[in-house]
Amino acid sequence: MERPLILVSNDDGVRARGCVALREALEPAFDVYTVAPEREQSANSHSLTLHRPLRVRRHDERVFAVDGTPADCVYVALYHTDLLPRRPELVVSGINRGPNLGSDTHYSGTVAAAREGALRGIPAIAFSLYEGGEYGACAELAAEMASRLLSATLPPGPPALLNVNFPEGTPKGVRATRLGRRLYADEVVVRTDPRGREYIWIGGPGARHEHVEGSDTEAVEEGYASVTPLMIDVTHAAHLDLARWVAGPEEDA
């Protein structure tokens with residue numbers, strides 16, 4: 001009997017510590033293939049590379065690097081005929097160096113790799129780790145979560161897409177959560193290069209959390225791992241009446 005096949009990707013790069021730890025934790029129970037970026041691709045969100053060719057490089061029998069984004073990697077893994085022996089039962093992404101909480105999920109390449117799998121009909125989990133977390137222990141916990149998801153009776157509709165964040169240190173436990181509010185010091189820093197030309201850095205240092213009960217930010221602050229279900233369909237149903245108003249009166253055919 002074939003073991004379930006799990007595709008591993010990330011946004012920190014194919015050699016990243018978290019990617020290696022996750023792969024090694026999964027290998028005893030699953031057939032594991034890694035297709036991940038050649039270099040770090042953090043904060044690339046769900047971008048695809050459409051205006052230049054991509055190159056794939058084999059690192060090991062089951063480890064491949066793509067010189068593209070995390071979403072590129074999952075797309076290539078699923079549709080390149082020579083990388084995987086069959087369709088994966090699960091896509092996992094991570095373990096990311098640094099959390100992906102609250103609004104981070106919109107920018108995160110880690111989450112995007114998992115989302116690309118879910119968009120293609122495959123259940124997926126993104127894993128991220130707070131600074132000071134323990135990769136080995138969290139990778140073992142990630143493997144347990146992957147096993148539980150594969151054994152679950154999934155609800156009807158789109159495939160499961162879960163966003164997991166591990167706290168600093170050893171997790172006290174695991175909580176099912178909703179997205180919280182992670183706020184950054186937004187700013188644009190303007191500087192001048194040695195040739196007198198202006199350049200800028202966007203995004204300020206540090207982040208803080210708004211208190212949202214039952215949120216991922218609350219869980220990791222209290223030392224728990226968080227498991228947050230995300231949606232593929234981002235339609236804001238409560239604003240459909242507003243959309244109809246903006247659309248104006250319907251014209252007769």
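We now turn to the structure provided with this report. The structure displayed is predicted, hence computed values, not measured ones.

1. A few points about the sheet that holds strand β3 (residues 56-60)
Argument step 1. An order of β3-β4-β2-β1-β5-β6-β7-β13-β8 is seen for the 9 strands of this open sheet, with the pairing classed as mixed. Here the strands that pair on one side only, and so sit at the sheet edges, are β3 and β8 (174-176). Neighbour-to-neighbour, the strand axes of this sheet turn through a mean angle of 20°, independent of strand direction.
Argument step 2. Here β8 runs beside strand β13 (residues 225-229); their pairing, made up of 3 bridges, is parallel. Counted as the bridge partner of Ala-176 is Val-227 from β13.
Argument step 3. Against the sheet, helix α1 (residues 17-26) engages β1 (5-9), β2 (31-37), β4 (63-66), β5 (90-97) and β6 (124-129), with an angle of about 140° to β5.

2. With respect to the nonpolar core
Argument step 1. Counting 30 residues, the largest nonpolar core has Leu-26, Val-92, Phe-127 and Phe-166 as the members making the most contacts within it.
Argument step 2. Secondary-structure elements contributing two or more residues to this core are β1, α1, β5, β6, α5 (135-151), β7 (161-166) and β13.
Argument step 3. No other element matches the 9 residues that α5 contributes to this core.
Argument step 4. Apart from the residues lying within four places of it in its own chain, the contact partners of Phe-166 are Phe-127, Ser-128, Leu-129, Tyr-130, Cys-138, Leu-141, Ala-142, Met-145, Pro-171, Val-220 and Ala-225.

3. With respect to helix α4 (residues 109-119)
Argument step 1. Burial of α4 is extensive: 10 of the 11 residues sit out of reach of the surface.
Argument step 2. For α4, the elements touching its buried residues are β1, α2 (70-79), β5, α3 (104-107), β6 and β7.
Argument step 3. The distance from a side-chain oxygen at the start of α4 to the backbone nitrogen of Thr-110 is 3.1 Å, and the residue carrying that oxygen is Ser-108.
Argument step 4. Positioned one or two residues after α4, Gly-121 has a phi angle of 90°, which is positive.

4. Quick look at the environment of Ser-47
Argument step 1. Take Ser-47: it is sitting in the loop between β2 and β3.
Argument step 2. Overall, the relative accessible area of 28% leaves Ser-47 in the partly exposed class.
Argument step 3. As for Ser-47 and Asp-72, which are separated by 25 residues in sequence, their C-alpha atoms are 7.8 Å apart.
Argument step 4. With residues up to four places along the chain from it excluded, the contact list for Ser-47 reads Thr-69, Ala-71 and Asp-72.
Argument step 5. Separated by 3.0 Å, the side chain of Ser-47 and the backbone oxygen of Asn-44 make a polar contact.

5. Some remarks on α2
Argument step 1. Taken across its 10 residues, α2 has 8 buried, putting it largely inside the fold.
Argument step 2. Those residues of α2 lying buried are Pro-70, Ala-71, Asp-72, Cys-73, Val-74, Val-76, Ala-77 and Leu-78.
Argument step 3. Contacts from the buried residues of α2 go to β1, β2, β3, β4, β5 and α4.

6. A few points about a negative patch on the surface
Argument step 1. A cluster of acidic residues, Glu-24, Glu-27, Asp-60 and Glu-61, forms a negative patch on the protein surface.
Argument step 2. Locating Glu-24 in the fold gives a position in helix α1.

7. Quick look at unusual backbone geometry
Argument step 1. In this structure, Ile-95 follows Gly-94 across a cis peptide bond, with omega equal to 0°.
Argument step 2. Along the chain, Ile-95 turns up in strand β5.
Argument step 3. With a phi close to 65°, Ala-43 is a non-glycine residue in the positive phi region.
Argument step 4. Structurally, Ala-43 is set in the loop between β2 and β3.
Argument step 5. We classify Ala-43 as exposed; its relative accessible area is 58%.
Argument step 6. A positive phi angle is found at Ser-45, which is not glycine, with a value near 50°.
Argument step 7. Residue position: Ser-45 is located in the loop between β2 and β3.

Parameters and conventions
Residues numbered from 1 in each chain as written. Predicted model: local features only at pLDDT ≥ 70, side-chain atom pairs only at ≥ 80, totals over all residues. Heavy atoms only, no water. Pairing = 2+ DSSP bridges. Helix = DSSP H or I, 4+ residues; strand = E, 2+ residues; numbered from the N terminus. Axes fitted to C-alpha atoms, helices over the stretch in contact; angles between N-to-C directions. Contact = heavy atoms within 4.5 Å. Core = buried A, V, L, I, M, F, W, Y, C linked by side-chain atoms within 4.5 Å. Buried < 20%, exposed > 50% of the residue type's maximum accessible area, 1.4 Å probe, protein only. Polar contact = N/O pair within 3.5 Å; in protein donor to acceptor, adjacent residues only side chain to side chain. Patch = residues over 30% accessible without salt bridge, like charges linked within 9 Å, V, L, I, M, F, W, Y side chains within 5 Å. Areas by Shrake-Rupley, 256 points an atom, 1.4 Å probe, with all protein chains shown as cover. Salt bridge = Lys/Arg side-chain N within 4 Å of Asp/Glu carboxyl O. Lys, Arg positive; Asp, Glu negative; His and termini not counted. Charge placed at Lys NZ, Arg CZ, Asp CG, Glu CD.

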